[in-house]
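# Descriptive analysis of the structure
For reference, the chains in residue letters:
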Amino acid sequence: MAIHLFPIPALAIYVTFIIYPLFAAFSYSLFDWQGIRRGAFIGIENFIALFTREPFNSMFWNAFENNVIYFLLEMVVQNGIAFGLAYIIYKKIRFAEFFKAAYFLPRLLSVIIVGFLWKLILNPNFGALNVFLEKLGLESWAKAWLGDPDTALIAIILVNSWFGLGFAVLIFLAGLQGIPHDLIEAARLDGANGFKLIRKIILPLMIPSITIMTVLTFIHAFEAFELVYAMQGSMGEPYYSTDTLAVYFYRLAFGSGGANSAAIGLGSALAVVLFMIIASISALFLFVLRRREVQL
């Protein structure tokens, strides 16, 4: 019987730090707040204000759009490059083990450290990137990467893609190594080589790994906070061009989000909406991609 008690500590931690905060956030969203003191029960008024009252609705949709861009660009850049690198390593190139470790190395760093270092690299005055461009005679390309609304979000996403590249490489490499070698050889004997082999044989058999990375990338993109905060602060500068739903939640609940006494209620409502977005769309991805696996 004692063995049944072993999961209790892990279950207690899970309930304390995952389940309870979810229900607490939903509860807080149903009340008016005067500072940190809970006021009257107002039902779904905070949710209505979040979607209908300025500036909350415009800020929400701006942050939501940035999250969508974050996800799409990360899928293309990070996961696209990671699949290519994983396939190259899978082909038994020299120093393959070294490259696996090298790609994963940035993942060992703290996100805050990564954000601080890249903020220095992208500095418009003394940053290494602009200095490098000037050395190449490309002064016209140098700019304030994090100070321009057209490039700030893209710069953060590319930094995040660099940071997460190694993990994606390992996931795709594990999927590639799980494909039976005999199947690859049989396909080659039938004339499938190069891109045709990848498209007809490898990619369909990689659907489980693609499913994992799609869901994880989506969750990470819609939870984007640490790197954005480290590089641009809590205001989504410049001009909210790097604002995300998680950063907006932080600003509403703990900063000066323009919510006055309703800040905690609105922040909790946003947290509930963000959870519902992540949970529902992740489940949809899993449902669609799992069906695709069965069909293949």
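You'll find the structure just up there.
A few points on the structure. All of these numbers come straight from a predicted model, not from anything done at the bench.

Rules and cut-offs
- Along each chain, residues carry numbers from 1 onward, in the same order as the chain's sequence is written.
- Where local features are concerned, this predicted model is filtered to residues with pLDDT of at least 70; where side-chain atom pairs are given and counted, the filter is 80 or more; whole-chain, interface and lining totals use all residues.
- Heavy atoms throughout the structure, all of them, feed into the side-chain values; hydrogens and water do not.
- By definition, any uninterrupted DSSP run of H or I lasting at least four residues is a helix, any uninterrupted run of E lasting at least two residues is a strand, and each is numbered from the N terminus.
- Relative accessible area decides the class of each residue, using a 1.4 Å probe on protein chains only: under 20% of the type maximum gives buried, over 50% gives exposed, and in between gives partly exposed.
- Contacts are residue-level and defined by heavy atoms, with any inter-residue pair within 4.5 Å sufficient.
- Only four residue types enter the tally: Lys and Arg on the positive side, Asp and Glu on the negative side; His and the chain ends are excluded.
- For this purpose, a charge sits on NZ of Lys, CZ of Arg, CG of Asp or CD of Glu.
- Pairing between strands is defined by DSSP: at least two bridges between the two strands are required.
- Within this scheme a cavity is a closed region of a 1 Å grid, computed over the protein atoms alone, that accommodates a 1.4 Å probe without allowing it to escape, whereas a pocket is open but has protein on both sides within 12 Å along at least five of seven lines; lining residues each have an atom within 4 Å of a point.
- Grid points are joined across faces, edges and corners, and a volume is the space filled by probe spheres set on the points.

## Notes on the overall build of the chain
Helix and strand counts for the chain stand at 13 helices and 2 strands. The principal-axis extents of the C-alpha atoms in the chain amount to approximately 75 × 70 × 40 Å. Going through the 296 residues of the chain one by one, you find that 40% of them count as buried. Restricting the contact set of the chain to residue pairs at least 6 apart, pairs at least 24 apart contribute 68%. Computed over 19 positive and 18 negative side-chain charges, the inter-centroid distance for the chain is 8 Å.

## Comments concerning the environment of Phe99
Mapping Phe99 onto the fold places it in helix α4 (residues 96-104). Taking the C-alpha atoms as reference, Phe99 lies 9.5 Å from Gly166; in sequence the two are 67 residues apart. Setting aside residues no more than four positions away along its own chain, Phe99 makes contact with Ile89, Ile93 and Arg94.

## Side note on the pairing of strand β1 (residues 31-34)
Of the two faces of β1, the one holding Phe31 and Trp33 is buried and the one holding Asp32 and Gln34 is not buried anywhere. In terms of strand pairing, β1 meets strand β2 (residues 37-41) through 3 bridges, oriented antiparallel. Residue pairing across strands places Phe31 opposite Phe41, the latter belonging to β2. Joining the antiparallel neighbours β1 and β2 is a turn of 2 residues, in which Gly35 adopts a positive phi near 70 degrees.

## Details of unusual backbone geometry
Glu54 connects to Pro55 through a cis peptide bond whose omega is 0 degrees. Tracing the backbone shows Pro55 in the loop between α2 (45-52) and α3 (56-90). A cis geometry characterises the amide bond from Glu237 onward to Pro238, with omega recorded as -5 degrees. The backbone of Tyr239 sits at a positive phi, close to 55 degrees, despite the residue not being glycine. By the secondary structure assignment, Tyr239 is in the loop between α11 (226-232) and α12 (245-254). Although it is not a glycine, Tyr240 adopts a positive phi angle of roughly 60 degrees.

## Some points on the side chain of Asn160
One can find Asn160 in helix α7 (residues 152-177). Dropping the residues within four chain positions of it, Asn160 is found in contact with Tyr70, Glu74, Gln78, His220 and Leu227.

## Here's the deal with the layout of surface pockets
Size it by volume and the largest pocket reaches roughly 780 Å³. Glu223, Phe249, Ala271, Leu274 and Phe275 are, among the 29 residues lining the largest pocket, the residues nearest its centre. Secondary structure elements with two or more residues in the lining of the largest pocket: α1 (7-28), α7, α11, α12 and α13 (263-295). At 8 residues, the largest contribution of residues to the lining of the largest pocket is made by α13. The volume enclosed by the second largest pocket comes to roughly 180 Å³.

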